[in-house]
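Observations on chain architecture
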Amino acid sequence: MRGQLQFSLNWILVAVAGAFFLLLFIAIARNITETGQDSRELSSFNQVLRTIENAKSSPGTQVRASFSNLETTCESVYAVQLAGQIRNIPEHALYSPPLLDGALTIRSEELYLGFPIITLTYLLPDARPIYVMGSVDVNLREFLEAETITNTNDAPQDAILVSDEIVDFENAPSIVVLIPSGPDNKVSFYENGAFIGESNYVNKELLLAAIASTNKERYECGLSIVEKKMRFLAKFNKERAEIIKSAASVRCNSAYDSAIRELETLEQTELTQITEINSVTRGLNRANSILLANSCPTI
Amino acid sequence: MKRAQLQAMETIIVAIVLILLVLLGLFIYVVGSEDVAEQNQRQGASEEILTLGTRLSNMMELSCSQRGRENSVCVDLVKAELLGAWLTDPQNPNYDDTIRLQYADVFGSRNITLRQKYPAPTSNQEIVLFDGLTNENYLTQFIPVVIYDPQEETYVLGELEVRG
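Computed from a predicted structure; not experimentally measured.

Another point: the overall build of chain B. In terms of helices and strands, chain B carries three helices and five strands. Listed by position from the N terminus, the elements making up chain B come as α-β-α-α-β-β-β-β. The C-alpha radius of gyration of chain B comes to 27 Å, more than 25% above the 15 Å expected for a compact globule of 164 residues. With the principal axes as the frame, chain B shows a C-alpha extent of 100 × 35 × 30 Å. Here chain B, with 164 residues, has 36% of them falling under the buried criterion. For chain B, the proportion of contacts with a sequence separation of at least 24, taken over those separated by at least 6, is 57%. By element, 54% of the accessible surface of chain B is carried by carbon and sulfur atoms, the whole surface being about 9700 Å².

Below, the structure is given as structure tokens:
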């Protein structure tokens, strides 16, 4: 009887010790995996930030990065959940898909309005192929690295289809961005065959942004951010011009006055009023040329 | 004490010693990983500050308007004074919480200060560009810059102190 008890006690101890070691090794393995994953994600995130910064000075920059959980919000900034922390992608990365579970591609394109207003950086979903149908601008195809198709049946359901003609929605991919040919510069969004709405795109950069955002709400949210920033910069530059004017030589005054007037106009302008923006841009460039010619600090 | 009891005691002692050894190993591992985590955190923070340096040099709200000075970080003094006042002084009429929030995304939880270094300034004047520091345990790094004063049309050497 005593011998049996002794035998059982030994086995119980072996079982307890075994379970302890097993749990310990599982915990260590999990910890190492999670730390490695977090560290890779953080490194990718920093790479993305650097690329976005480089993209501002060299349009066309491209990077591929991978996140296990990248969630973007439209309200103020794009937030990424990494290593249990929410990290923000700077606000100039304006257009990105709502949720990416895999790789993403960042491409940059400068919204050049003749005067440095703002830079746009697009985040495109790598996993989702882009197809172009119809006579869409050739540069646009190159930028998007899109495949050309003639039939909607050739595009997979998870693709983004860019077209300038009404497509056969029954066979079209779930997301369709329609650019109607014509002078009104409208872009229409369709999801699963249903018309979601249309927006203005005013120039090529914003058309690219519309395609990259794939979603009317997201695109318009991006537009509002750009517009707010543009007005802030207009006010900021106007204030600076007024300060410099007060210290500069009298020969510079008329050029500063003209630049201040243009910046006041820009402060009241909406982003969709491209003609107005172009006119302000020309005015600012003219003022800057006069300032340079007179050796006065530029705007 | 009988032989069987002695054997049982021996087994228990061996198990206890084993568990103590494993706990010791675990303790060493945890302390070690904390060190590695802290090191990674410091390295990450340092990388972020370097990224911030590039970001600041590209920001049109700070950079000099003149061309031909792309090789060094050039900060426009008037822009720096305006931006600092608009972002950090709630009494300023142009202070806006939403705009501050937007810039908080760029600057992060950091304090960024601009100061002249050479020629040595007559007064200890510095411009606080952003005051978002919330962490008591922070790193301080310095980014050398050229400061351009468009009112006087002069260039001096300075530094951006980044705490975060």
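What follows picks up the thread again.
This part covers the packing of helix H1 (residues 3–58) of chain B against helix H3 (residues 97–107) of chain B. Residue and element names in this part refer to chain B. Where H1 contacts H3, the axes come no closer than 10 Å and their chain directions differ by 130°. One finds that H1 runs oblique with respect to H3. Of H3, the residues touching H1 (which contributes Leu 52, Arg 55 and Leu 56) are Asp 105, Val 106 and Phe 107. Classifying every residue of the contact of H1 with H3 by side-chain character gives four nonpolar, no polar and two charged.

Glancing now at the packing of aromatic side chains. Under the criterion given, the structure shown has ten aromatic pairs over all chains. With a centroid separation of 5.6 Å and 90° between ring planes, the pair formed by Phe 236 of chain A and Trp 86 of chain B is classed as edge-to-face. Taken as a pair, Phe 236 of chain A in helix H4 (residues 216–247) and Trp 86 of chain B in helix H2 (residues 77–88) lie in two separate chains rather than in one. In this pair, the class of Phe 236 of chain A matches that of Trp 86 of chain B, namely buried. An aromatic cluster is built from Phe 232 and Phe 236 of chain A together with Trp 86, Tyr 103, Phe 107 and Phe 130 of chain B, whose rings are joined through pairwise contacts.

With that settled, consider the confidence of the model for chain A. Detailed reading of the predicted coordinates is not advisable wherever pLDDT falls low. Residue and element names in this part refer to chain A. Put simply, chain A has an average pLDDT of 76, and 69% of its residues get 70 or more. Here strand E5 (residues 99–100) stands out as the least confident element of chain A, with mean pLDDT 40; helix H5 (residues 253–268) is the most confident, with 93. Low confidence marks residues 97–102, where pLDDT is under 50. Its contacts with residues over four positions away, or in another chain, come to 19 contacts.

A few words on the side chain of Arg 240 of chain A. Among the secondary structure elements, Arg 240 of chain A is positioned in helix H4. In terms of polar contacts, Arg 240 of chain A uses its side chain to reach the backbone carbonyl oxygen of Thr 298 of chain A, at 3.1 Å.

Let us look at the sheet that holds strand E11 (residues 175–178) of chain A. Residues and elements named next belong to chain A. With mixed pairing, six strands are arranged side by side in an open sheet as E9-E8-E10-E11-E12-E13. The open sheet has two free edges, formed respectively by strand E9 (147–149) and strand E13 (194–200), since each of these has just one partner strand. For this sheet, the mean angle separating the axes of adjacent strands, direction not counted, is 25°. Sheet topology places strand E12 (residues 186–191) next to E13; six bridges connect them, and they run antiparallel. Residue pairing for E13: Phe 189 is matched across the bridge by Gly 197. Along the sheet, H4 contacts E12 and E13; its crossing angle with E13, the most-contacted strand, is approximately 15°.

Tyr 118 of chain B connects to Pro 119 of chain B through a cis peptide bond whose omega is -5°. Tracing the sequence through the fold places Pro 119 of chain B in the loop between strand E2 (111–118) and strand E3 (126–131). At Asn 185 of chain A, a residue that is not glycine, the phi angle is positive and equals roughly 50°. Residue placement: Asn 185 of chain A occurs in the loop between E11 and E12. Even without being glycine, Ser 295 of chain A reaches a positive phi, approximately 55°. Along the chain, Ser 295 of chain A turns up in the segment after helix H6 (274–293).

Rules and cut-offs
Residues numbered from 1 in each chain as written. Chains lettered and ligands numbered in written order. Predicted model: local features only at pLDDT ≥ 70, side-chain atom pairs only at ≥ 80, totals over all residues. Heavy atoms only, no water. Helix = DSSP H or I, 4+ residues; strand = E, 2+ residues; numbered from the N terminus. Rg over C-alpha atoms; globule rule 2.2 N^0.38 Å. Buried < 20%, exposed > 50% of the residue type's maximum accessible area, 1.4 Å probe, protein only. Contact = heavy atoms within 4.5 Å. Areas by Shrake-Rupley, 256 points an atom, 1.4 Å probe, with all protein chains shown as cover. Axes fitted to C-alpha atoms, helices over the stretch in contact; angles between N-to-C directions. Parallel < 35°, antiparallel > 145°, perpendicular 65-115°, else oblique. Nonpolar A, V, L, I, M, F, W, Y, C, P; charged D, E, K, R; others polar. Phe/Tyr/Trp six-rings, centres within 6.5 Å; stacked < 30°, edge-to-face > 60°. pLDDT = per-residue confidence, 0-100. Polar contact = N/O pair within 3.5 Å; in protein donor to acceptor, adjacent residues only side chain to side chain. Pairing = 2+ DSSP bridges.

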